[in-house]
Amino acid sequence: MMCNYEFLGAGRNRAVFLTPSGKFVIKIPLNIAGNSDNYIEGKKKNDDFPLPNSKYLEINGFSCVMMEYVEQLKISDATNIPWWANYVDSMQVGYTRKGRLVAYDYGS
């Protein structure tokens, strides 16, 4: 049985893959900063704004985060958004499948 994970993109610190179900993403660290970002996101170490559901996974010091998929907010739809969205790095916010507006990339 073959599982295909879709590569969604990579930043300075992590690569992100969509699970075959389309319900979750897995964030893989590319460096030590990516490990730190995963720890922060996976352990929900941020009380400033709403966060997606996530789970921190660590095996022998290698950490990943499995997070519910968030559909990125389009800038054209960014009217009447809460104040906190403007403070998330590059306004990396979006909607979960249940319609919650959350910050999806807030590790560092």
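Now for a quick tour of the structure. (Residues numbered from 1 in each chain as written. Predicted model: local features only at pLDDT ≥ 70, side-chain atom pairs only at ≥ 80, totals over all residues. Heavy atoms only, no water.)

## Describing the sheet that holds strand 8 (residues 101–103)
Consideration 1: Pairing in this open sheet of 3 strands is antiparallel, and the strands run 6-7-8 from one edge to the other. The sheet terminates laterally at strand 6 (71–72) and strand 8, the two strands that pair on one side only.
Consideration 2: The pairing of strand 6 with strand 7 (residues 93–95) spans 2 bridges and is classified as antiparallel. What sits directly across from glutamine 72, in strand 7, is glycine 94. (Pairing = 2+ DSSP bridges. Helix = DSSP H or I, 4+ residues; strand = E, 2+ residues; numbered from the N terminus.)

## Quick notes on the pattern of salt bridges
Consideration 1: Taken as a whole and judged by the stated rule, the model has 4 salt bridges.
Consideration 2: Between arginine 14 and glutamate 41 there is a salt bridge, and its shortest N-O distance comes to 2.8 Å. Linking arginine 14 in strand 2 (residues 14–18) with glutamate 41 in helix 1 (residues 32–42), this pair joins segments that are 27 residues apart in sequence.
Consideration 3: Using a relative accessible area of 0% as the deciding quantity, one classes glutamate 41 as buried.
Consideration 4: For the salt bridge of glutamate 41 with lysine 27, the shortest nitrogen-to-oxygen distance reads 2.9 Å. You can see glutamate 41 sitting in helix 1 and its partner lysine 27 sitting in strand 3 (residues 24–29), a full 14 residues away along the chain.
Consideration 5: If you follow the salt bridges from partner to partner, you end up with Arg14, Lys27, Glu41 and Asp105 in one network. (Salt bridge = Lys/Arg side-chain N within 4 Å of Asp/Glu carboxyl O. Buried < 20%, exposed > 50% of the residue type's maximum accessible area, 1.4 Å probe, protein only.)

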